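Inside the fold
If you want the building blocks of each chain, they are given just below.
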Amino acid sequence: MHHDVIALRDFYYTTSLGRAAQKALRDHCQACWPDMTGKDVAGFGFAVPLLRPWLAPARRVIALMPAQQGVMHWPAEAANHSVLTEETNWPLATDSIDRLVMLHGLEACDRPAALLEEAARVLRMGGEALFILPNRTGLWARLDGTPFAQGRPYSSGQIVALLRDHGFQVLDNGGALFFPPRDNRRWLRWAMWLESLGQRMVRLRAGGVLVVRARRTEESPGNGLTIKARRPLRILDGVTQPAGTRPAWRDGGSPNRRSRG
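All of the points below concern the structure found in this document. Being a predicted model, the structure only gives us computed values, none of them experimental. (Residues numbered from 1 in each chain as written. Predicted model: local features only at pLDDT ≥ 70, side-chain atom pairs only at ≥ 80, totals over all residues. Heavy atoms only, no water.)

**Comments concerning the environment of L163**
As for its position among the elements, L163 is in helix α5 (residues 156-164). For the pair formed by L163 and A214, sequence separation is 51 residues and the distance between their alpha carbons is 7.9 Å. (Helix = DSSP H or I, 4+ residues; strand = E, 2+ residues; numbered from the N terminus.)

**Things to note about helix α1 (residues 5-14)**
Among the residues of α1, V5, L8, F11 and Y12 are the ones counted as buried. For α1, the arc enclosing every buried residue in end-on projection is 130 degrees, short of the 170-degree limit, so these residues lie on one face. Looking at the buried side of α1, the elements it contacts are α2 (16-32), α3 (48-51), β2 (60-66) and β4 (97-103). (Buried < 20%, exposed > 50% of the residue type's maximum accessible area, 1.4 Å probe, protein only. Arc of directions from axis to C-beta. Contact = heavy atoms within 4.5 Å.)

**What about the sheet that holds strand β6 (residues 168-176)?**
The strand order across the open sheet built from seven strands is β3-β2-β1-β4-β5-β7-β6, with neighbouring strands paired in mixed fashion. At either margin of the open sheet sits one strand with a lone partner, and together these are β3 (82-85) and β6. On average, each strand axis in the sheet is inclined to that of its neighbour by 20 degrees, with strand direction left out of account. In this structure, β4 lies alongside strand β5 (residues 123-134), joined through six bridges in parallel fashion. Across the sheet, I97 pairs through a bridge with L123, a residue of β5. Strands β4, β5, β6 and β7 (209-216) of the sheet are contacted by α2, whose axis makes an angle of about 155 degrees with β5. Running over the sheet, α5 touches β5, β6 and β7 and is turned about 155 degrees from β6. (Pairing = 2+ DSSP bridges. Axes fitted to C-alpha atoms, helices over the stretch in contact; angles between N-to-C directions.)

**Remarks on α2**
Spacing of three or four residues puts side chains on the same side of an α-helix, whose turn is 3.6 residues. With 17 residues, α2 should reach 24 Å at 1.5 Å per residue; the first-to-last C-alpha distance of 25 Å fits that figure. All of the buried residues in α2 are L17, G18, A20, A21, Q22, A24, L25, R26, H28, C29 and C32. (Expected span 1.5 Å × (residues − 1).)

**Things to note about unusual backbone geometry**
With an omega dihedral of -5 degrees, the bond running from W74 to P75 counts as a cis peptide bond. Here P75 lies in the loop between β2 and β3. Although it is not a glycine, H104 adopts a positive phi angle of roughly 55 degrees. Turning to its location among the elements, H104 is positioned in the loop between β4 and α4 (112-122). Positioned with a positive phi, L177 is a non-glycine residue whose angle comes to about 60 degrees. One can find L177 in the loop between β6 and α6 (185-188).

What follows is the structure, encoded as structure tokens:
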């Protein structure tokens, strides 16, 4: 099931639960990559809640939003950094990105192998990516009312194996969103404390999402997406006759001759 950009925007920017989730995930991203000075950064899916802190220090920040989800202007108060794109055909040059964040992307994609190969294509060799996915054993994937309840949740072993099969080396396999997905002020007062506690017990895999940091290490194997040179359609060149064949009327018949029974 694909996400809707309006529903995602409303969750992260208008609900207390969404804002708490945004802060927890953003803090995790900044802990992974504390210095983004001069980096080329991209986000895929709905990564804009996490990209804002890097607008100033990074050399370039672009938010790729899949066509099935829809696109919105971002950031609202400045020049647009977002673009609508096909899931497996990004408008980015090969080896052009240093850091990639994927949020609400992989779990909703129809062709996850092809999506990962496209991610590997745009990343420079040694570039890193953060994949944030619903944890199939966590509460956030089981309770309706959040975007993490949609799409396909993953186990830690599943995402690690998938990444290794498509040109990535897993550097860190952690989690986030250790507080319950309840939009209740009493619960949310404790949200950041529970998040800090959960980070110290991350090996329990109790987080609502998996956060996997991986590095591109080799050329993508090409199982899901193969880039081929396109050949133009030559519809005005006429139909080529197969070698060694001629119309029947050139063998002694007439084009207007009719067979008689």
